[in-house]
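# Understanding the architecture of this molecule
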Amino acid sequence: QFVLVESGGGLVQTGGSLRLSCATSGFTLDYYAIGWFRQAPGKEREGVGCINSDGSTDYADSVQGRFTISRYNAENVVYLHMSRLKPEDTAVYYCAATSSRSCHTDFRSWGQGTQVTVSS
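Notes on the structure follow.

## Points about the state of the cysteines
- The full count for this structure, using the stated rule, is two disulfides.
- The disulfide partner of C22 is C95, and the S-S distance across this bridge is 2.1 Å. Since a negative S-S torsion denotes a left-handed disulfide, the C22-C95 link at about 75 degrees is right-handed. Taken as a pair, C22 in strand 3 (residues 18–25) and C95 in strand 9 (residues 91–98) lie far apart in primary sequence, 73 residues in all.
- Two residues share a disulfide in this structure: C50 and C103, whose sulfurs sit 2.1 Å from each other.

## So, the packing of aromatic side chains
- What the rule picks out here adds up to seven aromatic pairs.
- With centroids separated by 4.9 Å and ring planes inclined at 90 degrees, the aromatic side chains of F37 and F107 adopt a geometry described as edge-to-face. Taken together, the residues span a long stretch of sequence, with F37 in strand 4 (residues 34–39) and F107 in strand 10 (residues 107–110) at a distance of 70 residues.
- Assessed through its relative accessible area of 12%, F37 is described here as buried.
- Between F37 and W110 the ring centres are 4.7 Å apart and the planes differ by 50 degrees, which places this aromatic pair in the tilted class. One end of the pair, F37, is in strand 4; the other, W110, is in strand 10, and 73 residues separate them in sequence.

Rules behind the numbers
- Residues numbered from 1 in each chain as written.
- Predicted model: local features only at pLDDT ≥ 70, side-chain atom pairs only at ≥ 80, totals over all residues.
- Heavy atoms only, no water.
- Disulfide = S-S within 2.5 Å.
- Helix = DSSP H or I, 4+ residues; strand = E, 2+ residues; numbered from the N terminus.
- Phe/Tyr/Trp six-rings, centres within 6.5 Å; stacked < 30°, edge-to-face > 60°.
- Buried < 20%, exposed > 50% of the residue type's maximum accessible area, 1.4 Å probe, protein only.

All quantities given are derived from atomic positions and should not be read as evidence of function.
Dropping the structure here:
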């Protein structure tokens, strides 16, 4: 049973920062890549970024340079650090585990999501 739980969302003003957490259980985290996704009202889910098992990362163009993903396998947690937030970053954010060590594969398990709202 793969379990992922997001936390850390909230209301922040434009230009502010937030750190989201993805707490994992039911699997050995260091064997898997972890992705972050978001979905805004009326829009399709989009990928935010992903961290491979070796710690390397990939980011969407829309967040490149503003968001950073880090992982602490021994603590079973992955973080999404968000800075210079914009209103268009408003969405429900999800973390998900892949079926392998690489981000370039299918995501097998998802968290419930945490709301991030960026006000003008």
